[in-house]
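Examining the three-dimensional arrangement
Spelled out, the chains give:
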Amino acid sequence: MGFRKKNKSPPVLSHEFVIQNHADMVSCLAMIILLGLMFEVTAKFAIMFITVQYNVTQVLGEHERTEPVNLYQYGPKDVATVFFYLLIAVILHALIQEYILDKMNRRLHLSKTKHSKFNESGQLAAFYLFSFIWGCSILTAEEFATNPTFLWEGYPHTHMVFQVKFFYICQIAYWLHALPELYFQKVRKEDIPRQLYYICLYVVHITGAYVLNLNRLGLVLLVPHYLVELLFHASRLFYFSDENKQKGFTLWALLFVIARLLTLTLSVLTFGFGLPRTENQGFSLAEGNFNVLTIRMTCLAAICLTQAWMMWKFINFQLKKWREHSQNQASKKKAVSPKSKPHKRELARGGTANGVVKSEDTTSPRARKAKAS
């Protein structure tokens, strides 16, 4: 599988060799894991990487209408599953880069700075769109729209349906894969700290919601957040193709503030009023119960600090754009300023105005000589 065109063949195992062939190398590793399913000796190890683990069968209903339902918990084997889907994320990243973004970059002829931002927004827009649609499909099966108390009722939520658990596995795998992609994509040094910040925040918050059995709250908070981020990166892609297309940023700014308020409201409602009133109070690793004051306040503080940091970055971004707009307007006014009018003395001395000599005597030279004689 050749995802990238290689004009030169760098030395084997050099940095350039790894960067150019990282998708091929990862594909080979994923194929080895898949081939392990073909042999009985290795199948039990290979299946741990590919399938979702820790399924529990429960019977729902009463008397004759009993229906067995497969639910899932989390455990140490999920690390292997996350690793496998991290490999899949690297391969998909290379496919999107090679067959979509690189072709668009050749047509747009962007600068190096815009080229890097275009690739970043293209990758994230595809991921946010997929995650938003997937998250909405899961929420439609839940009763949050009619009963918000399902965020904390029955806590701890140790049992998940397949879609919820697989959603969290893929989310953690994607954001972990973004760390080596900083090296594979040759991200500029000045952009690495900014990307590291939001990658680490995603990993910590999503993993925290998964481990602390707050998967319902995490899913509800991720869906509107992904919608806002999708709108931002889609608007930035349109802006790079045509700088006059900036209306999307206005809608994004409005939804960004609404999403921050919604996140804070649901978090305070869950950690401040919902969980303290549930029946299961206490700390138990065996039962997956983390409903104690210390953990609740730590989670709420982490969410509030993250939302405050995002609002601070948002305000600075808007102020920067406002200053740039004001400077552009001031420069345009100077360029369109009216020309200076000629002075009265210049007109009296020679009738010169704007470099042109004007004479009031319209008679010919012969007529002037005849008149003088």
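That block above? That's the structure.
Reference entry: report on the structure contained in this document. Note that this is a predicted model, so its numbers are computed, not measured.

In this section: the packing of helix α1 (residues 15-35) against helix α5 (residues 162-184). Remark: α1 packs on α5, axes separated minimally by 10 Å, with the N-to-C direction vectors making an angle of 125°. Of the possible angle classes, the one that applies to α1 and α5 is oblique. Across the interface between the two elements, His 15, Val 18, Ile 19 and His 22 from α1 touch Glu 181, Tyr 183 and Phe 184 from α5. When its residues are assigned to classes, the contact of α1 with α5 shows 4 nonpolar, 2 polar and 1 charged.

So, about unusual backbone geometry. For the bond running from Tyr 155 to Pro 156, omega is 10°, close enough to zero to count as cis. Secondary-structure assignment places Pro 156 in the loop between α4 (112-140) and α5. Positive phi outside glycine occurs at Tyr 54, with the angle close to 65°. The topology assignment puts Tyr 54 in the loop between α2 (40-50) and β1 (55-60). At Asn 213, a position not held by glycine, the phi torsion is positive, near 60°.

What follows concerns the packing of α1 against helix α3 (residues 78-108). Close contact between α1 and α3 brings their axes to 9 Å; oriented N to C, the two are set at 140°. With respect to each other, α1 and α3 are oriented oblique. Pair α1 / α3 crosses with left-handed handedness. Listed contacts from α3 to His 22, Ala 23, Val 26, Ser 27, Leu 29, Ala 30, Ile 33 and Leu 34 of α1 are Phe 83, Phe 84, Leu 87, Val 90, Ile 91 and Ala 94. Of the residues in the contact of α1 with α3, the class split is 12 nonpolar, 2 polar and no charged.

Examined against the element boundaries, His 177 turns out to sit in helix α5. A polar contact of 2.5 Å, which involves the side chain of His 177, links it to the backbone oxygen of Tyr 174.

A word on the packing of aromatic side chains. Here the structure, examined in full by the defined rule, presents 35 aromatic pairs. Relative to Phe 166, the ring of Tyr 85 has its centre 5.2 Å away and its plane inclined at 75°; by these criteria the two rings are edge-to-face. Remark: Phe 166 occurs in helix α5 and Tyr 85 occurs in helix α3; sequence separation between them is 81 residues. The exposure class assigned to Tyr 85 is buried, which follows from its relative accessible area of 18%. Overall, the relative accessible area of 18% leaves Phe 166 in the buried class. Measuring from ring centre to ring centre gives 6.5 Å for Tyr 198 and Tyr 202, while their planes differ by 85°; the resulting arrangement is edge-to-face. Residue Tyr 198 and its partner Tyr 202 are located together in helix α6 (residues 192-211), separated by 4 residues, close to a single helical turn. Tyr 202 matches Tyr 198 in its accessibility class, with the two residues each being buried. Three or more aromatic residues joined by ring pairs form one cluster here, namely Tyr 72, Tyr 74, Phe 84, Tyr 85, Phe 130, Trp 134, Phe 162, Phe 166, Phe 167, Tyr 168 and Tyr 210. The ring of Phe 256 has Arg 260 lying over it, and the distance from NZ or CZ to the ring centre is 4.7 Å.

Reading the values: the criteria
Residues numbered from 1 in each chain as written. Predicted model: local features only at pLDDT ≥ 70, side-chain atom pairs only at ≥ 80, totals over all residues. Heavy atoms only, no water. Axes fitted to C-alpha atoms, helices over the stretch in contact; angles between N-to-C directions. Helix = DSSP H or I, 4+ residues; strand = E, 2+ residues; numbered from the N terminus. Parallel < 35°, antiparallel > 145°, perpendicular 65-115°, else oblique. Contact = heavy atoms within 4.5 Å. Nonpolar A, V, L, I, M, F, W, Y, C, P; charged D, E, K, R; others polar. Left-handed = near helix turned anticlockwise from the far one by under 90°. Polar contact = N/O pair within 3.5 Å; in protein donor to acceptor, adjacent residues only side chain to side chain. Phe/Tyr/Trp six-rings, centres within 6.5 Å; stacked < 30°, edge-to-face > 60°. Buried < 20%, exposed > 50% of the residue type's maximum accessible area, 1.4 Å probe, protein only. Lys NZ or Arg CZ within 6 Å of the ring centre and 35° of its normal.

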